[in-house]
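# Structural overview for review
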Amino acid sequence: MVGCVLMASGAGRRFGSNKLLSAVEGVPLHRRAMAALAPAGFGRLVVCSPYPEVLSAGAEYGFRPLDNPGAGEGIAASIRLGVAAMDGMDGALFAVCDQPWLTTESVRRLLDAFSDAGDAICALSWRGTRGSPVIFPACFFGELAALTGDAGGSAVLRRHPERLRLVEASSPRELMDVDTPADLSR
């Protein structure tokens, strides 16, 4: 069984404001992510965020809301919080909110690949280029829980490149992320 950790704690410094609340095609980024992930078939869904609007929306979509008071530290705070909620899971998918075109279909394909790959780390990709989300098997939860600051799952991937399996997205658009207001108009 695989759990899902939606990391929704970023301050949006490059964006200039809380981008999680910005809309794409009329739907805020955090809700777009939840809508793509929730129906994929996870054993457990959690959302890590310091923002009450995001935590409240998470509950509506079936995510267990996890308040992240350490969000200012960087992405590692969300990862540690999420890993702590994944006890008993065989693996955990880590996703972000700023990929508004991620589809449930690609998330399901990623879950299927993980199921078939044993103890591999499975990442969504496009033509051989790794992107997000990424599923880590439970054997990596200790390493993920030891991350600090702005070090994310890429730090663990760099230590174990032989364990990585890439899973092709339906389109390159799914891997595009929103870092600036101009990215919303792409």
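These numbers come from a predicted model, not from an experiment.

In this section: the side chain of N68. Tracing the chain through its elements places N68 in the loop between β5 (64-67) and α3 (75-84). Residue class for N68 comes out buried when judged on its relative accessible area of 3%. For N68, the residues in contact, after removing those within four places along its chain, are S9, C48, S49, P50, A77, S78 and L81.

Its location among the elements puts Q99 in the loop between β6 (91-96) and α4 (104-117). A polar side-chain atom of Q99 sits 3.0 Å from the main-chain carbonyl oxygen of E174. Excluding anything up to four places from it in sequence, Q99 contacts S132, P133, E174, L175, M176 and D177.

Applying the stated criterion to the full structure yields two aromatic pairs. Ring centres of F136 and F140 lie 6.5 Å apart, and the angle between their planes is 70 degrees; this geometry places the pair in the edge-to-face category. For the pair F136 and F140, one class covers both residues: buried. Members of the aromatic cluster, each reached through a chain of ring pairs, are F94, F136 and F140.

Strand order in the open sheet made by the seven strands is β5-β4-β1-β6-β8-β7-β9, with mixed pairing throughout. Both outer strands of the open sheet, β5 and β9 (164-168), are each paired with one neighbouring strand and no more. Each adjacent strand pair in this sheet contributes to an overall mean axis angle of 30 degrees, direction not counted. Bridge count between β6 and strand β8 (residues 129-137): four bridges; the pairing is antiparallel. The partner of G91 across the bridge, within β8, is P137. Its contacts with the sheet place helix α1 (residues 29-37) against β1 (2-7), β4 (44-49) and β6, and it is angled at close to 170 degrees to β1. In the packing of α3 onto the sheet, contacts are made with β1, β4, β5 and β6, and the angle to β1 comes to roughly 150 degrees.

This part is about the nonpolar core. The biggest cluster of nonpolar side chains holds 31 residues, and the ones touching the most others in it are L6, L37, F42, V47, F63, L93 and V107. Those residues in contact with F63, other than ones at most four positions away along the chain, are C4, L6, M34, L37, A38, L45, V46, V47 and G58. In this structure, L66, V134, F141 and A155 belong to the second largest nonpolar core, which totals 24 residues.

Calculation criteria
- Residues numbered from 1 in each chain as written.
- Predicted model: local features only at pLDDT ≥ 70, side-chain atom pairs only at ≥ 80, totals over all residues.
- Heavy atoms only, no water.
- Helix = DSSP H or I, 4+ residues; strand = E, 2+ residues; numbered from the N terminus.
- Buried < 20%, exposed > 50% of the residue type's maximum accessible area, 1.4 Å probe, protein only.
- Contact = heavy atoms within 4.5 Å.
- Polar contact = N/O pair within 3.5 Å; in protein donor to acceptor, adjacent residues only side chain to side chain.
- Phe/Tyr/Trp six-rings, centres within 6.5 Å; stacked < 30°, edge-to-face > 60°.
- Pairing = 2+ DSSP bridges.
- Axes fitted to C-alpha atoms, helices over the stretch in contact; angles between N-to-C directions.
- Core = buried A, V, L, I, M, F, W, Y, C linked by side-chain atoms within 4.5 Å.

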